[in-house]
Amino acid sequence: MVRRNEIRENEVAVEFPDAPVANFIFIGRIHTPWTDRLACPRQGRQDGPVCRIEIFEPWIAALDGIEKYQHLEVLYWLHESRRDLVKQSPANDGSVRGTFSLRSPVRPNPIGTQLVRLVKVEGGNVFVQGLDCLDGTPLLDLKPDRCAFTPIAPRQPGDDEVAPKA
Ligand code: SAM
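The rules behind the values
- Residues numbered from 1 in each chain as written.
- Predicted model: local features only at pLDDT ≥ 70, side-chain atom pairs only at ≥ 80, totals over all residues.
- Heavy atoms only, no water.
- Near = heavy atom within 4 Å.
- Polar contact = N/O pair within 3.5 Å; in protein donor to acceptor, adjacent residues only side chain to side chain.
- Helix = DSSP H or I, 4+ residues; strand = E, 2+ residues; numbered from the N terminus.
- Nonpolar A, V, L, I, M, F, W, Y, C, P; charged D, E, K, R; others polar.
- Pairing = 2+ DSSP bridges.
- Axes fitted to C-alpha atoms, helices over the stretch in contact; angles between N-to-C directions.
- Buried < 20%, exposed > 50% of the residue type's maximum accessible area, 1.4 Å probe, protein only.
- Patch = residues over 30% accessible without salt bridge, like charges linked within 9 Å, V, L, I, M, F, W, Y side chains within 5 Å.
- Areas by Shrake-Rupley, 256 points an atom, 1.4 Å probe, with all protein chains shown as cover.
- Salt bridge = Lys/Arg side-chain N within 4 Å of Asp/Glu carboxyl O.
- Contact = heavy atoms within 4.5 Å.

Draft legend 1. Highlighting the site of the ligand. Around the ligand lies a shell of 19 residues, among which P41, Q43, R103, Q114 and D132 are the nearest. A distance of 3.2 Å is found between an oxygen atom of the ligand and a backbone nitrogen or oxygen belonging to R37. In the environment of the ligand, a nitrogen atom lies 3.0 Å from a nitrogen or oxygen atom belonging to the backbone of E80. Among the elements that make up the shell around the ligand, the one with the highest residue count is strand β7 (residues 111-122) (three residues). Grouping the constituent residues of the shell around the ligand by class yields seven nonpolar, seven polar and five charged.

Draft legend 2. Focus on the sheet that holds strand β4 (residues 71-77). Strand order in this closed barrel of six strands is β2-β3-β8-β7-β4-β9, and the pairing throughout is antiparallel. Strand-to-strand twist across the sheet, computed as the mean angle between neighbouring axes with direction ignored, equals 45 degrees. Summarising the sheet, strand β2 (residues 28-31) and strand β3 (residues 50-55) pair through four bridges and their orientation is antiparallel. Looking across to β3, one finds that G28 is bridged to I55.

Draft legend 3. Looking closely at the pairing of β4. In terms of burial, β4 is largely enclosed, as six of its seven residues are buried. As paired elements, β4 and β7 share seven bridges and run antiparallel to each other. Within the sheet, the bridge partner assigned to L72 lies in β7 and is V116. Relative to strand β9 (residues 137-144), β4 runs antiparallel, the two sharing five bridges.

Draft legend 4. Focus on a nonpolar patch on the surface. A cluster of nonpolar side chains, namely V12, V14 and V86, defines an oily patch on the protein surface of about 190 Å² accessible area. Mapped onto the secondary structure, V14 falls in the loop between β1 (12-13) and β2.

Draft legend 5. Fine view of the side chain of S104. Locating S104 in the fold gives a position in the loop between β6 (97-98) and β7. Residue class for S104 comes out buried when judged on its relative accessible area of 10%. Polar contacts involving the side chain of S104 include one to the side chain of Q88, which spans 2.8 Å.

Draft legend 6. Representation of the pattern of salt bridges within the structure. Taken as a whole and assessed by the stated rule, the structure comprises six salt bridges. Ionic pairing is found between E54 and R29, a salt bridge with its closest N-O pair at 3.0 Å. Residue E54 is located in strand β3, and its partner R29 is located in strand β2; the two are separated by 25 residues in the primary sequence. Under the relative-accessibility criterion, R29 is labelled partly exposed at 34%. For D47, the salt bridge is made with R45, and the minimal N-O distance between the two is 2.8 Å. Overall, the relative accessible area of 54% leaves R45 in the exposed class.

Draft legend 7. Quick peek at the environment of D145. With respect to the element layout, D145 can be found in the loop between β9 and α1 (146-149). D145 sits in the buried class, given a relative accessible area of 14%. Placed 29 residues apart in sequence, D145 and V116 show a C-alpha to C-alpha distance of 8.7 Å. In contact with D145, not counting residues within four places along its chain, are H71, L72, E73 and L115.

As structure tokens, this is what we get:
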């Protein structure tokens with residue numbers, strides 16, 4: 001489902017429930033070359049164009065230290081997505097799959113995640129490669145890539161022992 005209100009053969013929409021809401025705030029805005037969903041890559045590539053993540057005040061101070069990481073995880077709100085499909089037809093060929101088995105932008109909470117390569121930080125702007133979202137997409141969070149962040153555990157007695165063969 002790429003076009004805003006398109007329903008493809010065999011896709012299933014539900015009535016969007018009136019449910020408790022999470023209190024997200026947008027902490028910035030993502031600037032990319034893409035203004036049309038059809039032109040966006042389906043997944044970002046780390047050799048893709050350099051994109052600018054603009055951080056809003058008062059969150060710029062929270063960037064302190066981020067330049068130490070080569071890779072960041074970016075979480076964003078795919079704001080132009082419909083949210084009511086439970087079955088989707090990615091190939092538009094009549095075959096459908098459940099929304100949670102897809103990385104489609106159409107989901108009840110349209111959160112996109114992407115691992116990107118950090119190029120540079122300038123004031124409140126973070127320049128990265130690897131994004132796949134529309135120009136103007138709202139930013140939810142930025143965090144170091146999990147692997148880069150995981151602290152190295154202190155060595156424990158027995159770490160050097162070779163495990164017996166089964
Ligand atoms: N990398 C993210 C993920 O895996 O969670 C997003 C993947 S999603 C398949 C990427 C597609 O979402 C793009 O090709 C484009 O069609 C669509 N898209 C990008 N930005 C969007 C936005 N702000 N609102 C709605 N759809 C968007």
